[in-house]
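# Structural description and commentary
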Amino acid sequence: MSSKHVKVQYFDTTVECPDIASAKAAVREVFALEKKPVRVVVTVPEGVYSNKDFVFTEDDCSLLTKVIWKAEGNVTVTAGLSVPREDWKEPDADMASRFSPEVLANIKMISLTDYGLTKSDWGEEIAVGTSKMDHLYDDATHGTDLGFFTGDRRMKKSRYPNEGFNYFSVIDPGEIGKQRNPYGGEYSMDKETADRIKTWKDRDNAWIFAYYVFDWADGSSPVKFDTEKLSIYPKYIACGAGQISEGFGFTPKYYLYNIPEELDMTGEWYLDRQTGNLYFWAYDGAETADLYYKDELLITLNNTKNMEFSGFILTGTAGNAISATCDDMTFDRLYIKNIGGSAIYLNGWRNIVSNSEIAHIGRKGIVIEGGDEATLTHSGCRVTNNYIHHFGEVYITYMQGIMAIGCGHLIDHNEVCYTPHTAVGLAGSEHLFEYNYVHHAVQDSADAGAIYQGGNWTARGTVMRYNIVADIGKSNSPYYPKAFYFDDIMSGQTVYANIVTRCQGFCFNVGGGREVVIKNNIVVNSNKGMKYDDRARDGILNGGWFAPNVVSRGYGSAWYTLDYIPYREEPWKSKYPLLAKINLSEDPADYDDIDFPCNPSYSVITGNAFINVNVKREGLLRSVDESVYRYSTVENNLEFKNETYELACWDDEAFNIRDDSAIYKLVPDFEKIPVEEIGRKNI
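So, a few notes on the structure that sits alongside this text. The model shown is predicted, which means the values in this text are computed figures rather than measured ones.

## A closer look at empty space enclosed by the protein
- Taken as a whole and assessed by the stated rule, the structure comprises two cavities of 30 Å³ or more.
- Volume-wise, the largest cavity comes out at about 70 Å³.
- Every residue lining the largest cavity is counted, 13 residues in all, and those nearest its centre are S131, M133, Y212, G219 and C239.
- Looking at the lining of the largest cavity residue by residue, the classes come out as seven nonpolar, four polar and two charged.
- Counted as a void, the second largest cavity has a volume near 40 Å³.
- Lining of the second largest cavity is provided by E125, K157, N258, W269, Y270, L271 and R273.

The following block contains the structure:
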C-alpha cells in the first residue's frame, strides 16, 4: 500500500483518504448529499494492493453518479506472491543431486513456507485441459492449478519433450462407457522415451498432457509406465475414447510433465509438494518470481452499475481477474497479465472494455454477454481497441481472446493474437465485428477457426467486415486450420470486405449452414480457398457422419437450436423472413424443399478474390458441395494465380490491392477495404 493518500474528488471538493476502505466510505457519503454530483473520481496512488481492497457492492455505486476509480502511476492489484531475485536460493542438496552440473548452475529455489504458505495453499497437482476427465474418478483431486512466472512469462512445468509433443498409438482405449472410475487405457511409447523415463528417480508424480482423440480436446492425467513393454497408462480415460475404437484417424500426441529431472531448460519449474520447495530456471533478465495460488477475483463486483476502472494492473490469481453481472460498467486502460483463469467476464447491459492489454492468460481473454436474442434487443456492450495476446496457455482449446454471447455487441479495433486454438468466438445474433486484426491463431490445431461460430440454425445478422486475419496455423504444421469457420449448421452470418492472408487451411469454411453471405473478400498467399459442405443434408438423407445431430427430432442436437428463439414471431418474422418460413416437415418427400432446414439454402458466395491461393487440385471452389450450388448462389469468385497474379495488383507493403486492380473491373461493386483503419488506434 502506498504512503500517499487516496483522493476522492467531486464538484470542487477533494477528500484525502489513508486507504481504499476509507475512500469507499467517502464515496458513500457523497451519495448521501442533497445535491448529488454527476461523477466522482477516486485516484489511487502508485503501489501494490491486495485484491481484498477491491471488493465493491451496490452500496459503492449509484445510478445518478458515475464513480471512476483511476490509477495514478503503476497501481497493481494482486492475489499472488512475488519474490525478488535477491531472495532466490540455491537448491537443497537432495534435489541438486538430480540435476546435471550444467543445469544446476542455472537452477534457483524458493521455499514457499518462508512466506507463510502451507500445503493447503499449494495443494496437489490437478488435471487441466478443456476436455479433462477427472470428474469421473472418486479419488481425483480438485482445486487450484498453480501458475508461475518470471520476466512476465509463464513458466512451464518441467516436461519431456521440452517443446511440442511426442506421438503415440492406442493399444487399449480403456473402459468406454463406464461412468465411474473407468480404466484409462494403454498407449504405446517409443524406446527413446522409455529410456528417458528410466533415468527418473521417482516416476510416481508424473503426469501426461495429451490430445488422445480429437485435436480440439486437450486434457491431463496422472500416468504410469511400463518401460519394458513400451506402454503408457493414463489414469483418466480420454475424452472421446469411444471414437478411438472406431478409428477416428487423428494421431494422438502428448507430453509428460511434473518430473524434476526434466527441469533442464530456461522457463521450466518444479514444485516439491511435500516440502513446498519450488525449483526453477528463470528467464533471462527476470527480477522477480511470481506465483499465483489463490482462486480469487482481483476486482470483485457484486450488483454494481455505472462505474469505471481505469489504468490498473491486475495480476496473480488462479481464477478470473474480473467476473461480474453488472450494467453500465467501463474497464479502460487496464493491463491484465499472468492470470490462471480468464481476464474479464461480464454479463449485463452497456458494459465496455477498452484500450486494455491482456496477456499470458490461462483461459480466456474477454467474455462479454448480454442483450436479448428473443426480442433482438442489443446489449449496448462494446469491446474496443484492446490488445489481447498469449491466452489459452493452460486450457488450450476453445479459449477465445474475445467471446461474445447474446445479442448486439460491437467488437472493433482489437488486436487478438498468439493462441494455440480459436482467437474469437461469436454466439448469438446481430453482433458487429469490424476493424479487428487477428493473427497467429490456431497454432496447434486443425479443426478450429481463428474466428469461430458453431451449431446454430437460428443465429442471424452478425456482420464481420473490414478485418485482417493473418498467419493462421503454422507453415510447417501438419494441420489445416481455418480463418473464418462456421461450424455445424451455423447460419445467418455475413462476411464481407475482409483480408485473409497466410492461412494454412481453408480461409472460409461453412459446415452445412444457411443464409451465409461471403462477399468481396480478399484472400492472398494462403493454402486453401473455400469449403462449404452439406453435412446436415448428407446426414438426414444418407446417414452421413452428421446424422446423429439431425435424424431424430427428439435427440438430434441441431433441432434444439430452433426451440429457443421465437423465429416465427415479431420482430424475427419481419426481419428474417427466410428463417420464419423454414419447413419442419418430417416427410422425406419434403427433404428437397429449399426451405427444409437441412439444406444449405439461400447463401451467397460471390465477388471474392483469391490471389495466389495454392489449392492442391484444380478448382478454387472444389470443396463446395453440389447441393450448395443447387440451393444457394455461388458465382463470380475470382482467382489470380501464376500468369494472372499481376492483374490482381496486390500491394504487400500497403497490405491491399491497388486502385488499378482488375478486381474492381471484374466486380464493379467491389468495396475498397479501409486497411489504414484496421487494428488498434493510438490513444
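Now that the structure has been shown, the text picks up again.
## Description of helix 7 (residues 535-542)
- Considered for burial, the residues of helix 7 that qualify are R535, A536, R537, G539 and I540.
- In this structure, the buried residues of helix 7 make contact with strand 45 (482-487), strand 48 (506-511), strand 51 (528-533), helix 8 (547-550), helix 9 (557-560) and helix 12 (626-631).
- Within two residues after helix 7, G543 carries a phi angle of roughly 70°, on the positive side.

## Considerations on the state of the cysteines
- Inspection of every chain in the model, using the stated rule, returns zero disulfides.
- Lacking any disulfide linkage, C381 is separated from the closest cysteine sulfur, that of C326, by 8.5 Å.
- Judged by its relative accessible area of 3%, C381 is buried.

## A short note on helix 1 (residues 20-31)
- Relative to the 16 Å expected for 12 residues at 1.5 Å per residue, helix 1 spans 17 Å between its end C-alpha atoms, a close match to the ideal helical length.
- For helix 1, every residue scored as buried is listed here: I20, A23, K24, A26, V27, V30 and F31. Relative to the axis of helix 1, the buried residues are bounded by an arc of 160° and lie together on one face. Exposed side chains of helix 1 directed beyond 90 degrees from the buried face belong to A21 and E29.
- Where helix 1 is buried, its residues contact strand 1 (6-10), strand 2 (13-17), strand 3 (39-44), strand 4 (47-50), strand 5 (55-56) and strand 6 (66-71).

## As for the pairing of strand 4
- Residues G47 and Y49 of strand 4 are buried on one face, while the alternating residues V48 and S50, pointing to the opposite face, are not.
- The sheet contact formed by strand 4 and strand 7 (residues 75-78) spans four bridges and is parallel. When the sheet's bridge partners are listed, S50 is paired in strand 7 with T78.

Parameters and conventions
- Residues numbered from 1 in each chain as written.
- Predicted model: local features only at pLDDT ≥ 70, side-chain atom pairs only at ≥ 80, totals over all residues.
- Heavy atoms only, no water.
- 1 Å grid on protein atoms, 1.4 Å probe; cavity = no way out; pocket = protein on both sides within 12 Å on 5 of 7 lines; lining within 4 Å.
- Points joined across faces, edges and corners; volume = space filled by probe spheres on them.
- Nonpolar A, V, L, I, M, F, W, Y, C, P; charged D, E, K, R; others polar.
- Buried < 20%, exposed > 50% of the residue type's maximum accessible area, 1.4 Å probe, protein only.
- Helix = DSSP H or I, 4+ residues; strand = E, 2+ residues; numbered from the N terminus.
- Contact = heavy atoms within 4.5 Å.
- Disulfide = S-S within 2.5 Å.
- Expected span 1.5 Å × (residues − 1).
- Arc of directions from axis to C-beta.
- Pairing = 2+ DSSP bridges.

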